[in-house]
Amino acid sequence: MFPEYDLIVVGGGHAGSEAAAAAANMGSKVLLVTMNLQAIAQMSCNPAMGGIAKGQITREIDALGGYTGIVSDRSRIQFRMLNRSKGPAMWGPRTQNDRMLFAQEWRTVLEQTPNLDFWQEMVNEILIENGEVKGVKTGMGLEIRAKSILLTNGTFLNGIIHIGQKQFGGGRVGEKASKGITGQLENLGFESGRMKTGTPPRLDGRSIDYSKLEIQYGDENPGQFTFRDDIEVPREQLACHIGYTNPKVHEILQSGFDQSPMFNGSIGGIGPRYCPSVEEKIHRFADKDEHQLFVEPEGWRTVEVYVNGFSSSMPEHLQFNALREVEGFENVKMFRPGYAIEYDFFYPTQIKYTMETKLINNLFFAGQINGTTGYEEAACQGVIAGINAHINAHGGDPFTLNRSDGYIGVLIDDLINKGTKEPYRMFTSRAEYRILLRQDNADLRLTPLSHEIGLASKQRMDKVRAKERAEDDIHNFFRNQSIEPGEINQVLAENGTSYPQEFIDTAETKMKYQGYIDKEQEMVDKMNRLEEVKLSESFDYSRLSSISYEAREKLNEVKPGTLGQASRISGVSPSDISVLMVHMGR
């Protein structure tokens, strides 16, 4: 019934969709297996993409030849460039999206991808022989063979949904949890843990008095995620709104803390530190009388509204009563309550830079199974995993990104070397080379690397070359000019330049910040020298009594491939690295 595939992707979320597309576009025969084909790439939480640091990741995915940026642009209802008051290294593009259109566009993209097949069913076992994966076994007992398997299970592994004191199994409201895989992998030696995330209630927009809320418009001249210029994007935009909680809201929620799974011990998993539930905010910041709420439309043709900032697992009647105390929500109607969800993940120190697991050959993990949170963080892992699964099947050198290559490289390096015990979210502060890793130059940084392995198209590469030429021309033009920074665009216009605005903006940024860019590049060059010193993955670090016990333990756990990687492992000190350098010299 099924041929043997090069890659089977288990799970059709953001990681799975990007992985399946990447491997198939490179020429692999791919099967995407998901429990619900109607929920491919669903925005399970907020209907938005990008933002601070996440917007950089989205543009990097696009630069590599992925689809997240294109789908986000096609389905957007609003575009904003965040952090414009700060330097360009901090700017973050963000779209508000039509939730249903986003998923529809993703399914269309995948169905138009050659070499990609689909199967709707649950996978509950990985077929493994002699330490290598050979396929999957489904709930109906079907065995499907493949050279590589990628698990992108999201929140579905033994997922439990919490609403007040009610608990029920599920990976998302209305969808079953996935059983069997965690136990099998634990028996093979993998170490797992539990995490928690949550989502807010959805409201009926017809019942909201928007005149009492602050209005938030999109950018007057909206940009886009994708570097391609042949993608149609909506020019109209919908407004979002801002509201606030108040002491009465807090009082109602506090009255039910004994019924909250966050406080009565029902939830054991650790939640995202930087996106807490509203009850956690009230408890943690008891001195604050209000918290901001972002009232976000779910799409062009629906009245459903997402209340960003009111994630909750409180009993539904308390959520409802508290919301009605928010100014503008006095007569609000609820479509469904918020809830929390607990799920299994596997500690990411057990994977390689390629996203392949260390214990089982040709088994890959991507997305929330590695302890991350967020669509963008999942999608970028999927791209890297899909690329390397293709390479495993067809030959070639592994495709990996360094911390100096992009935010994607930072994320994967953090996961592998530092691990995580709470949902990992990307911030600009995690990237030490953020002046080099701007959202405007992701194509210059990554498209040549992707084009070389056959993923990024010739059309994309041609545009990168044109952008590089324009940058050189603009630099040469101003080398003998003396003008104020704010006059750059005006002078170019007066001299008849015909470059696209994005080319000019990138060149202008580089000229303005050249000194800082050069300093960061010096730091990169120094670190790259450490990356050139290879370490044996079979070396037993317990033999080195001159380094700390913690360092020996962590080095044996991670098995770094280079001295540079060893230097970034939590618990390994600079003095430990000095000892390693002496040892390598001998």
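None of these values were measured; they are calculated from a predicted model.

The rules we used
- Residues numbered from 1 in each chain as written.
- Predicted model: local features only at pLDDT ≥ 70, side-chain atom pairs only at ≥ 80, totals over all residues.
- Heavy atoms only, no water.
- Helix = DSSP H or I, 4+ residues; strand = E, 2+ residues; numbered from the N terminus.
- Buried < 20%, exposed > 50% of the residue type's maximum accessible area, 1.4 Å probe, protein only.
- Contact = heavy atoms within 4.5 Å.
- Areas by Shrake-Rupley, 256 points an atom, 1.4 Å probe, with all protein chains shown as cover.
- Core = buried A, V, L, I, M, F, W, Y, C linked by side-chain atoms within 4.5 Å.
- Pairing = 2+ DSSP bridges.
- Axes fitted to C-alpha atoms, helices over the stretch in contact; angles between N-to-C directions.
- Phe/Tyr/Trp six-rings, centres within 6.5 Å; stacked < 30°, edge-to-face > 60°.
- Lys NZ or Arg CZ within 6 Å of the ring centre and 35° of its normal.
- Polar contact = N/O pair within 3.5 Å; in protein donor to acceptor, adjacent residues only side chain to side chain.

1. Quick word on the overall build of the protein chain
Okay, step 1: Within the protein chain, the regular secondary structure consists of 18 helices and 20 strands.
Okay, step 2: Buried positions account for 56% of the 586 residues belonging to the protein chain.
Okay, step 3: Long-range contacts, defined here as pairs at least 24 residues apart, represent 73% of the contacts in the protein chain between residues at least 6 apart.
Okay, step 4: Total accessible area on the protein chain stands at roughly 24,500 Å², and carbon and sulfur atoms take up 46% of it.

2. What to know about the nonpolar core
Okay, step 1: Of all hydrophobic cores here, the largest spans 109 residues; its most connected members are Ile8, Ile149, Leu151, Leu363, Phe365 and Ile408.
Okay, step 2: By residue number, the principal contributor to this core is helix H9 (residues 375-394), which donates 10 residues.
Okay, step 3: If you look at the next biggest cluster of nonpolar residues, it comprises 21 residues, including Leu293, Val305, Met314 and Leu323.

3. Brief notes about the pairing of strand E10 (residues 160-163)
Okay, step 1: By the bridge criterion, 4 bridges tie E10 to strand E11 (residues 166-169) in an arrangement that is antiparallel. Paired with Ile160 across the two strands is Gly169, which belongs to E11.
Okay, step 2: Counted along the chain from E10 to the antiparallel partner E11, the turn is 2 residues long, and its residue Gly164 has a positive phi close to 60°.
Okay, step 3: Pairing between E10 and strand E19 (residues 339-346): 3 bridges, direction antiparallel. What sits directly across from Ile161, in E19, is Ile341.

4. Observations regarding the sheet that holds strand E12 (residues 192-199)
Okay, step 1: Pairing is antiparallel across the open sheet formed by 4 strands, whose spatial order is E11-E10-E19-E12. Looking at strand neighbours, the two that pair on one side only are E11 and E12, the edges of this open sheet. Strand after strand, the sheet turns through a mean of 25° between neighbouring axes, direction not considered.

5. Considering the packing of aromatic side chains
Okay, step 1: On inspection of all chains with the given rule, the structure shows 10 aromatic pairs.
Okay, step 2: Look at Tyr67 and Trp106: their rings are 6.0 Å apart centre to centre, the planes differ by 90°, and that puts the pair in the edge-to-face class. With Tyr67 in the loop between helix H2 (54-64) and helix H3 (68-74) and Trp106 in helix H4 (residues 99-111), the pair connects residues that are 39 residues apart, well separated along the chain. With respect to class, Tyr67 is no different from Trp106; both count as buried.
Okay, step 3: Ring geometry for Tyr513 against Tyr516: centres 6.5 Å apart, planes inclined by 50°, an arrangement best described as tilted.
Okay, step 4: Here the aromatic cluster, defined as three or more aromatic residues joined through ring pairs, consists of Phe190, Phe346 and Phe365.
Okay, step 5: Geometry around Trp91 places Arg84 over its ring, the cationic atom sitting 4.7 Å from the centre.

6. Some points on the side chain of Thr245
Okay, step 1: One can find Thr245 in the loop between strand E15 (240-244) and helix H6 (247-254).
Okay, step 2: A polar side-chain atom of Thr245 sits 2.9 Å from a polar atom in the side chain of His250.
Okay, step 3: Reaching out from Thr245, the side chain makes a polar contact with the backbone nitrogen of His291 at a distance of 2.7 Å.
Okay, step 4: Contact partners of Thr245, with chain neighbours within four places excluded, come to His250, Asp289, Glu290, His291 and Leu293.

7. Examining the sheet that holds strand E3 (residues 48-50)
Okay, step 1: Taken in spatial order, the 3 strands of this open sheet run E3-E5-E4, and their pairing is antiparallel. For this open sheet the edge positions go to E3 and strand E4 (76-82), each flanked by a neighbour on one side alone. Neighbour-to-neighbour, the strand axes of the sheet open up by a mean angle of 15°, direction not taken into account.
Okay, step 2: Bridge count between E4 and strand E5 (residues 92-97): 6 bridges; the pairing is antiparallel. If you follow Arg80 over to E5, its bridge partner there is Arg94.

8. What about the environment of Ser429?
Okay, step 1: Residue position: Ser429 is located in the loop between helix H10 (407-418) and helix H11 (442-453).
Okay, step 2: A relative accessible area of 58% means that Ser429 is categorised as exposed.
Okay, step 3: For the pair Ser429 and Met90, spaced 339 residues apart in the sequence, the C-alpha separation amounts to 9.4 Å.

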